[in-house]
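Working through the structure, step by step
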Amino acid sequence: MRTHYCTHVNETNIKETISVAGWVNSRRDHGGIIFIDLRDKSGILQLVADPKDSQEALRIAENIRDEFVLIAKGTIRARGEGLENPNLKTGTIELVIEELIIENKSKAMPFDLNDDKVNDEIRLKNRFLELRSSKSYDIFKLRSKASMQVRNTLDELGFLDVETPILTKSTPEGARDYLVPSRVHGGEFYALPQSPQLFKQLLMVSGFDKYFQIAKCFRDEDLRADRQPEFTQIDVEMSFCNQEDIIKIAEKVIYDVFTKCNKEIPKTFKRMTYNNAMETYGTDKPDTRFDMPLIDVIDIFANSTNDIFANIAKDKKNNRIKALKCPNGDNIFSKRQMKGFEEYVRKFKAKGLGYFQYKEDGLKGPLTKFFSDADLEEIIKITNLEVGDVIFFGAGDKKTVWDYMGRFRLYLASLIDGMIDPDSYEFLWVVDFPMFEISDGKIKALHHPFTMPKSLDNLENLEAIESIAYDIVLNGTELGGGSIRIHKEEIQSKIFDIMGISKQEANDKFGFLLEALKYGAPSHGGFALGLDRMIMLLAKTDSIRDVIAFPKTQKAQCLLTQAPSGIDELQLKELSLRIRKQV
């Protein structure tokens with residue numbers, strides 16, 4: 001049916017008779033001669049239906065429309081002088097049709113494949129059509145190339161590809177599980193895995209030494225542009241290793257993937273402690289493509305005659321006052337805009353946002369009256385201000401200040417032309433994460449409870465205990481992370497105890513792991529990289545949905561198949577379930 005793909009022909013094929021197949025990208029009738037742009041996965045080739053060559057081909061061509069499926073046989077010839085199309089790979093040649101078959105017709109398209117402004121509902125409902133676009137095909141070609149390189153790299157490094165279960169036990173790891181009712185065991189449920197975490201640790205206990213998997217994972221959580229209810233991760237675990245060994249493997253995998261995809265990146269990445277990331281950027285996934293650090297000015301504000309600032313500055317352990325310099329901001333933003341920025345940060349629990357403008361005659365702004373000339377000079381010095389700069393201030397408890405000032409930093413940068421290089425790839429390891437966080441009076445593991453703490457000596461200050469955990473960040477997006485795992489049962493039981501998990505609950509949820517750790521478990525650790533997020537960044541697209549063949553909406557719905565959907569009474573009965581009507 002086909003001897004060549006559309007763009008696998010060129011001037012060297014002139015006078016050859018070939019067959020091509022694909023979809024009608026466009027059709028043009030030039031008064032008795034019809035031109036057809038035929039599209040396949042490789043690109044576009046122009047076909048010509050000329051009555052001098054085939055009356056029958058012309059008759060058939062008169063009835064075709066966009067997206068009809070065609071098979072065409074004919075001879076390659078050079079286009080006439082001045083008729084070349086420099087925008088096409090095959091722009092200097094065309095195929096003169098001798099035989100034409102309409103393999104299948106198409107309804108009128110619900111949208112233009114090349115229109116980027118089509119709303120999400122139409123796109124996702126007709127996702128099988130959107131995937132016909134060259135943009136979509138190129139994304140999945142890139143994804144396939146990246147996945148293959150991951151497998152090749154890890155295979156060369158001696159890792160074994162092992163599939164772990166999809167139907168497993170509910171062992172909450174931070175997000176809600178997707179539950180699957182059992183027909184055989186009425187009233188009992190499987191859970192879809194949030195990650196292969198426990199199984200890959202068991203493989204280390206089994207002596208597999210080096211494991212990897214390109215794994216499907218499921219989390220029932222609120223969605224964002226970089227999050228889906230089902231996603232794919234590159235999952236890696238190894239035995240008898242330390243943090244440096246794992247980071248080296250992760251950097252090798254990432255470097256090989258980006259190199260294979262024709263992107264230049266360094267072989268090793270910068271590092272920053274969690275504490276420095278929070279203090280300097282207000283987030284544990286900082287975008288380091290631009291500078292604009294948060295600067296600690298709490299000591300200067302302690303001298304302020306403003307009672308609010310002075311009182312905040314008294315508690316340096318729990319509070320922060322951070323400055324954020326916006327270069328040339330006085331010439332970029334109006335006073336009205338700068339006052340409007342306060343509305344932005346209030347959405348993230350900020351109580352206010354102060355600012356100074358650096359004019360030729362010094363700092364100006366409503367807050368300057370609360371500071372001595374010496375303190376104003378110190379602010380200029382510590383923030384390295386230049387005339388035209390604006391400096392913003394956030395004050396309050398440290399977690400709130402980190403959060404809204406970190407978000408505000410990104411927001412400001414997005415408003416300034418040239419601040420962020422869209423073609424840059426800035427990788428960063430964030431290391432030395434806290435082992436625990438205390439939220440609403442509950443003690444939780446910041447990563448997960450199977451992470452090895454550096455020490456458990458200081459139980460009086462749980463949030464000061466560090467873990468051997470590490471995240472890899474790319475352009476402000478968390479690409480993945482991992483940790484050295486707990487391989488001793490007594491340490492794991494201690495962690496559960498600190499978190500308020502009783503021995504009975506621990507045994508019910510994790511008894512199989514605790515039992516396995518009693519049988520000579522080796523030291524081990526690993527990492528997971530979000531394949532979807534990696535491809536999103538490689539393809540320079542704004543949404544993770546673009547790089548997943550059949551994604552869900554932000555309400556976790558598949559508009560194409562109309563999932564989730566109801567089931568009939570017989571199925572419910574078989575599963576020992578009953579639907580309770582919501583009032």
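Our subject in this report is the structure included herewith. Positions within a chain are numbered from 1, following the residues in the order the chain's sequence is written. Local features in a predicted model are, by the rule used here, given only for residues with pLDDT of at least 70; side-chain atom pairs are given and counted only at 80 or more, and totals for whole chains, interfaces and linings are based on all residues. Values reported for side chains reflect all heavy atoms of the structure, with hydrogen atoms and water molecules removed beforehand.

Once that is clear, we can look at the packing of helix α11 (residues 335-346) against helix α13 (residues 398-415). Lines fitted to C-alpha atoms define the axes here, with helix axes fitted over just the stretch in contact, and angles between the N-to-C directions of these axes take values from 0 to 180 degrees. Each helix is a run of DSSP H or I of at least 4 residues and each strand a run of E of at least 2, with the numbering of both proceeding from the N terminus. Their axes nearest at 10 Å, the elements α11 and α13 cross at an angle of 130°. Classified by the interaxial angle, the pair formed by α11 and α13 is oblique. Crossing of α11 against α13: the hand is right-handed. When α11 is examined against α13, the residues Phe341, Tyr344 and Val345 are found in contact with a partner set consisting of Tyr404, Arg407, Phe408, Tyr411, Leu412 and Leu415. The cut-offs work like this: below 35 degrees is roughly parallel, past 145 is roughly antiparallel, 65 to 115 is roughly perpendicular, and the gaps in between are oblique. In a left-handed crossing the near helix is turned counterclockwise from the far helix by less than a right angle, and in a right-handed crossing that turn is clockwise. Whether two residues are in contact is decided by their heavy atoms: any pair within 4.5 Å suffices.

When a carboxyl oxygen of Asp or Glu is within 4 Å of a side-chain nitrogen of Lys or Arg, the pair counts as a salt bridge. According to the stated counting rule, one finds 34 salt bridges in the structure shown. Close ionic contact of Asp37 with Arg28 constitutes a salt bridge, the shortest N to O distance being 3.3 Å. In this scheme, a residue with accessible area under 20% of its type's maximum is buried, one over 50% is exposed, and one in between is partly exposed, where area comes from a 1.4 Å probe on protein chains only. Here Arg28 falls in the partly exposed class, since its relative accessible area comes to 27%. Lys316 is paired through a salt bridge with Asp299; the nearest N and O atoms lie 2.4 Å apart. Highlighted residues: Lys316 in the loop between α9 (307-314) and β13 (319-326) and Asp299 in helix α8 (residues 298-301), separated in sequence by 17 residues.

With that settled, consider α9. For α9, the complete set of buried residues consists of Phe309, Ala310, Ile312 and Ala313. Along the axis of α9, the buried residues cluster in a sector spanning 165°; they form a single face. Counted as exposed and oriented over 90 degrees from the buried face of α9: Asp307, Ile308 and Lys314. Against α8, β13 and β16 (390-397) lie the buried residues of α9. Its side-chain oxygen at 2.9 Å from the backbone nitrogen of Ile308, Asn306 defines the N-terminal cap of α9. As used here, the arc is the angular range of directions from the helix axis to the C-beta atoms. Whenever two N or O atoms come within 3.5 Å, that pair is a polar contact, provided that in protein one can donate a hydrogen and the other can accept it, and provided that, for residues adjacent in sequence, both atoms are side-chain atoms.

In this analysis, rings of Phe, Tyr and Trp, with Trp reduced to its six-membered ring, are considered paired at centre separations within 6.5 Å, and the interplanar angle assigns stacked below 30 degrees, edge-to-face beyond 60, and tilted for intermediate values. A full pass over the atoms with the stated rule returns 22 aromatic pairs. For the pair Tyr274 and Phe433, a centre-to-centre distance of 5.1 Å together with 45° between the ring planes defines the contact as tilted. One end of the pair, Tyr274, is in helix α7 (residues 274-281); the other, Phe433, is in the loop between β17 (427-431) and β18 (436-439), and 159 residues separate them in sequence. You can call Phe433 buried: its relative accessible area is 1%. Joined through ring pairs, the aromatic side chains of Phe333, Phe341, Tyr344, Phe348, Tyr355, Phe392, Phe408 and Tyr411 make up one cluster. Look at NZ for Lys and CZ for Arg. If either is within 6 Å of the ring centre and within 35 degrees of the ring normal, a charge sits over the ring. The ring of Phe290 has Arg409 sitting right over it, with the charged end atom 3.9 Å from the ring centre.

DSSP-based pairing: two strands are paired if at least 2 bridges between them are found. In space, the five strands of this closed barrel follow the order β1-β2-β3-β5-β4, with mixed pairing throughout. The sheet shows a mean angle of 55° between the axes of neighbouring strands, direction not considered.

Moving on to the side chain of Ser19. Position of Ser19 among the secondary structure elements: in strand β1 (residues 17-29). When near neighbours in sequence (up to four residues on either side) are disregarded, Ser19 contacts Met1, Arg2, Thr3, His4, Ala72 and Lys73.

On to the pairing of β17. Where burial is concerned, most of β17 is hidden: five out of the five residues are buried. The side-chain alternation of β17 yields two buried faces, one formed by Phe427, Trp429 and Val431 and the other by Leu428 and Val430. Both strand β11 (residues 270-273) and β17 contribute to a ladder of four bridges, which runs parallel. Among the inter-strand pairings, Met272 is bridged to a residue of β17, identified as Val430. The sheet contact formed by β17 and strand β20 (residues 469-474) spans five bridges and is antiparallel. Pairing of Val431 across the sheet is with Tyr470, part of β20.

Quick look at a negative patch on the surface now. In this analysis, a patch consists of residues with relative accessible area above 30% that form no salt bridge, clustered at 9 Å for like charges and at 5 Å for the nonpolar side chains Val, Leu, Ile, Met, Phe, Trp and Tyr. Areas reported as accessible are Shrake-Rupley estimates using a 1.4 Å probe. Residue values count occlusion only from the protein chains shown. A residue counts as positive if it is Lys or Arg and as negative if it is Asp or Glu; His and the chain ends are not included. The location of each charge is read from NZ of Lys, CZ of Arg, CG of Asp or CD of Glu. Where like charges cluster on the molecular surface, the negative patch consists of Asp66, Asp112, Asp115 and Asp116. Position of Asp66 relative to the elements: it lies in the loop between α1 (55-61) and β4 (69-78).

With that out of the way, let us pick up the environment of Met204. By secondary structure assignment, the location of Met204 is in helix α5 (residues 197-205). Residue class for Met204 comes out buried when judged on its relative accessible area of 1%. Linking Met204 and Lys260, residues 56 residues apart in sequence, is a C-alpha distance of 30 Å. Apart from residues lying up to four places away in sequence, Met204 is in contact with Asp209, Lys210, Tyr211, Glu237, Met238, Ser239, Pro522 and His524.

The next thing to look at is a nonpolar patch on the surface. Together, Leu179, Phe189 and Leu577 make up a nonpolar patch on the protein surface, roughly 270 Å² of accessible area in all. Turning to its location among the elements, Phe189 is positioned in strand β8 (residues 189-192). With a relative accessible area of 42%, Phe189 lands in the partly exposed category.

Take the side chain of Gln194 next. Here Gln194 is to be found in the loop between β8 and α5. For Gln194, a relative accessible area of 3% puts it in the buried group.

Now for the sheet that holds strand β9 (residues 210-218). Spatial ordering of the open sheet is given by β6-β9-β10-β22-β21-β20-β17-β11, a layout of eight strands whose pairing is mixed. The open sheet is flanked by β6 (160-161) and β11, the only strands paired with a single partner. Here helix α6 (residues 243-260) sits on the sheet in contact with β10 (230-239), β11, β17, β20, β21 (477-484) and β22 (524-530), set at roughly 25° to β22.

Further remarks concern unusual backbone geometry. Cis rather than trans, the peptide bond between Ala563 and Pro564 has omega equal to 0°. On the secondary structure map, Pro564 appears in the loop between α16 (531-538) and α17 (569-574). One non-glycine residue, Lys15, adopts positive backbone phi at about 80°. Taking relative accessible area as the criterion, Lys15 reaches 73% and is therefore assigned exposed.

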